[in-house]
Amino acid sequence: MAVSEADVRHVAALSRIALDDARLPALVRELNTILDHMAVLNGVPNDGADDDDRAPMRLRADVVDPAPMVRPMESFAPATRDHFLLVPRLDTHGHLGGEEGGE
């Protein structure tokens, strides 16, 4: 199955992708090369690789536990309230060397 320029234009229109007409022949050639490669891969024998023969994957329990803190938050945060970190507003740092808003 080969891809035509009309196919590429149709897919580009469906996906709302701008398509440069100068790039169109190269895109058709690249897509056809990919399809040719997939056809070669389909010809590779896959004896013994039947999906039904594989053991089902074991699934873990879907449990979400909170990650424990190594240290209490108050030991590394200057101020906290209701388990949130309190930080000063950015405009209060103008006196630390910024040119705008500095004293």
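All of these numbers come straight from a predicted model, not from anything done at the bench.

The rules behind these values
- Residues numbered from 1 in each chain as written.
- Predicted model: local features only at pLDDT ≥ 70, side-chain atom pairs only at ≥ 80, totals over all residues.
- Heavy atoms only, no water.
- Patch = residues over 30% accessible without salt bridge, like charges linked within 9 Å, V, L, I, M, F, W, Y side chains within 5 Å.
- Areas by Shrake-Rupley, 256 points an atom, 1.4 Å probe, with all protein chains shown as cover.
- Salt bridge = Lys/Arg side-chain N within 4 Å of Asp/Glu carboxyl O.
- Helix = DSSP H or I, 4+ residues; strand = E, 2+ residues; numbered from the N terminus.
- pLDDT = per-residue confidence, 0-100.
- Buried < 20%, exposed > 50% of the residue type's maximum accessible area, 1.4 Å probe, protein only.

Glancing now at a nonpolar patch on the surface. Where nonpolar side chains cluster on the molecular surface, the patch consists of L31, I34, M38, L41 and V44 and spans about 430 Å² of accessible area. Secondary-structure assignment places L31 in helix 2 (residues 24–42).

Here the focus is the confidence of the model for the protein. For the protein, the average pLDDT comes to 82, and 82% of its residues sit at 70 or higher. Predicted confidence in the protein is weakest over strand 2 (residues 84–85), with a mean pLDDT of 86, and strongest over helix 1 (residues 5–14), with 95.

All right, on to the pattern of salt bridges then. This structure, assessed with the given rule, holds two salt bridges. Here D21 makes a salt bridge to R9, at a shortest N to O gap of 3.6 Å. Here D21 is found in the loop between helix 1 and helix 2, whereas its partner R9 is found in helix 1, with 12 residues between them in sequence. Using a relative accessible area of 40% as the deciding quantity, one classes R9 as partly exposed. Between E30 and R23 there is a salt bridge; the shortest N-O distance is 3.4 Å. Take E30: its relative accessible area is 39%, and that puts it in the partly exposed class.

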